[in-house]
Amino acid sequence: MADRSSVERLWLRGFHQPKPGAPRLLCLPHAGGSASFYLPVSKALSPAVDVRAVQYPGRQDRHAEPPAGSVQELARAVFGALDERAETPLALFGHSMGALVAFELARLLEDAGRPPAVVFLSGRRGPSVERIENVHLADDARLIEDVAQLDGTDSAVLRDPELLQLILPALRADYRVVETYRPTPGPRLRSPFVVMTGDADPRVTPDEARTWSQETDGTFELQVYPGAHFYLVAQQQAVLARIQATLRRLAPGTGAVI
């Protein structure tokens, strides 16, 4: 059985060295995404914030591993990789599929008596909003078309047959994970929620994003930015400023310069 440190290195990627005692920000990628998507976040917030990003199986250096079968499976694996002895505050940030993983991970952390200091949920409607989606059952052309509409993947990648063959299995598996997701039953969480979305996101309206408020008894904030599903790329400075301001409230002394 792998030891905890090797499991942590497999699942959690750090790009910059944090200062001692820095609050932790765990970032969870979207469907088809990888840990490297959050490199700009680490560059902007480090060393004042210990930014770590999750690397899901089935992509990049984990390409040979089978993709996860459910959101809950991913959440359990990430939970097992976290250092339970860490004393610094832990914040979660999940975009799109990552928001669902962050939500289920927050449940596990609260059940273990280690609630997150804050949960940032981006680009995803609350789990109470049900919608039938079956893109994961469609052919490759339809799946690629759906990805292209979200404008989060380099168009050159989508036109390269060899690259597509590398990314399609994990991408389809991620779509299946999202489209078959049903939330774990349980009480409302206690952690504060900060929900972010784009005002032109074809996957979630601001009203649908607001339904995350039904899932927590903690404080709730909704931030709506100009942009579509990947608004957080164009609005990077504003999103990072919101993260930084929130962490400053929760962990005084966080002084990252945006």
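Residues numbered from 1 in each chain as written. Predicted model: local features only at pLDDT ≥ 70, side-chain atom pairs only at ≥ 80, totals over all residues. Heavy atoms only, no water.

### Brief notes about the environment of Gln223
Short version of the rule: Starting at the N terminus, helices and strands are each numbered in turn, a helix being any DSSP run of H or I of at least four residues and a strand any DSSP run of E of at least two.
Locating Gln223 in the fold gives a position in strand E7 (residues 220-225). Counting along the chain gives 17 residues from Gln223 to Pro206, while the straight-line C-alpha distance between them is 8.8 Å.

### Thoughts on the pattern of salt bridges
Stated formally: Salt bridge, as used here: a side-chain nitrogen of Lys or Arg that lies within 4 Å of a carboxyl oxygen of Asp or Glu. Buried means the residue's accessible area, taken with a 1.4 Å probe over protein chains only, is under 20% of the maximum for its type, while exposed means over 50%, and partly exposed covers the values in between.
Overall, the coordinates contain 15 salt bridges when judged by the stated rule. Between Arg203 and Asp146 there is a salt bridge; the shortest N-O distance is 2.1 Å. Taken together, the residues Arg203 in the loop between strand E6 (193-198) and helix H8 (206-210) and Asp146 in helix H5 (residues 140-150) connect sequence positions 57 residues apart. Judged by its relative accessible area of 22%, Arg203 falls in the partly exposed class.

### Here we look at the sheet that holds strand E5 (residues 118-122)
What links the strands of a sheet is backbone hydrogen bonding, and the strands pair in either a parallel or an antiparallel sense. Put simply, the rule is: In this description, strands pair whenever DSSP reports at least two bridges between them. What counts as an axis is a line fitted to C-alpha atoms, over the stretch in contact for a helix, and the angles between N-to-C directions run from 0 to 180 degrees. Contact criterion: two residues are considered in contact whenever any of their non-hydrogen atoms come within 4.5 Å of each other.
On the basis of which strands lie adjacent, the open sheet formed by 7 strands has the order E1-E3-E2-E4-E5-E6-E7 and mixed pairing. For this open sheet the edge positions go to strand E1 (12-14) and E7, each flanked by a neighbour on one side alone. Across the sheet, the mean angle separating the axes of adjacent strands is 20 degrees when strand polarity is ignored. Seen against the sheet, helix H4 (residues 97-111) touches strand E2 (24-28), strand E4 (90-95), E5 and E6 and runs at an angle of roughly 150 degrees to E4.

### Considering a nonpolar patch on the surface
Counted only if it meets this: The patches described consist of residues with a relative accessible area above 30% and no salt bridge, like charges being joined within 9 Å and nonpolar side chains (Val, Leu, Ile, Met, Phe, Trp, Tyr) within 5 Å. For the accessible areas, the method is Shrake-Rupley and the probe is 1.4 Å, while residue cover comes only from the protein chains on display.
A surface patch of nonpolar side chains, about 220 Å² in accessible area, is lined by Leu163, Leu166 and Ile167. Turning to its location among the elements, Leu166 is positioned in helix H7 (residues 161-179). Residue classification places Leu166 among the partly exposed residues on the basis of a relative accessible area of 45%.

### As for the pairing of strand E3 (residues 50-54)
Taken across its 5 residues, E3 has 4 buried, putting it largely inside the fold. Relative to E3, E1 runs antiparallel, the two being bridged by 3 bridges. Note on E3: the bridge partner recorded for Gly14 is Arg52. Sheet topology note: the E2/E3 ladder contains 4 bridges and is parallel. For Leu26, the partnering residue across the bridge sits in E3 and is Arg52.

### Topic: the packing of aromatic side chains
Two aromatic rings are characterised by how far apart their centres lie and by the angle between their planes. In plain terms, the rule: Two rings from Phe, Tyr or Trp (for Trp, the six-membered ring) form a pair when their centres sit within 6.5 Å of each other. Planes less than 30 degrees apart are called stacked, planes more than 60 degrees apart edge-to-face, and all others tilted.
Per the stated rule, a full pass over the model turns up 7 aromatic pairs. Aromatic side chains Phe37 and Tyr38 sit 5.2 Å apart centroid to centroid with 90 degrees between the ring planes, which places their arrangement in the edge-to-face category. For the pair Phe103 and Trp212, a centre-to-centre distance of 5.3 Å together with 70 degrees between the ring planes defines the contact as edge-to-face. Pair noted here: Phe103 is in helix H4 and Trp212 is in the loop between H8 and E7, with a separation of 109 residues, a long-range link. Ring pairs connect the aromatic residues Phe37, Tyr38, Phe93, Phe120 and Phe230, which therefore count as one cluster.

### Examining the confidence of the model for the protein
Basically, it comes down to this: One number per residue, pLDDT, summarises how confident the predictor is, and it ranges from 0 to 100.
Summary statistics for the protein give a mean pLDDT of 90 and a share of 91% for residues scoring 70 or more. The low-confidence segment residues 253-258, where pLDDT is below 50, has 21 contacts with residues more than four positions distant or belonging to other chains.

### Examining the nonpolar core
Inclusion rule: Nonpolar cores were defined as sets of buried Ala, Val, Leu, Ile, Met, Phe, Trp, Tyr and Cys residues, with membership established by side-chain atoms within 4.5 Å.
Of all hydrophobic cores here, the largest spans 70 residues; its most connected members are Leu25, Leu26, Leu92, Phe93, Phe120, Met196 and Ile243. Of all the elements, H4 adds the most residues to this core, at 9 residues. If we ignore the near neighbours within four places in the chain, the residues touching Leu25 are Val41, Leu45, Val49, Asp50, Val51, Arg52, Ala91, Leu92, Phe93, Phe120 and Ile243.

### A closer look at empty space enclosed by the protein
Applied cut-off: Definitions used throughout: a 1 Å grid over protein atoms alone; a cavity as a set of points that fits a 1.4 Å probe which cannot get out; a pocket as an open set with protein on both sides within 12 Å along at least five of seven lines; a lining residue as one with an atom within 4 Å of a point. Grid points are joined across faces, edges and corners, and a volume is the space filled by probe spheres set on the points. Gly counts as polar in this scheme, as do all residues outside two lists: the nonpolar Ala, Val, Leu, Ile, Met, Phe, Trp, Tyr, Cys and Pro, and the charged Asp, Glu, Lys and Arg.
By the definition in use, this model includes 1 cavity of 30 Å³ or more. Estimates place the volume of the largest cavity at around 40 Å³. In this structure, the largest cavity is lined by Tyr56, Pro57, Arg59, Pro67, Ala68, Leu74, Met97, Asp174 and Val177. Classifying every residue of the lining of the largest cavity by side-chain character gives 7 nonpolar, no polar and 2 charged.

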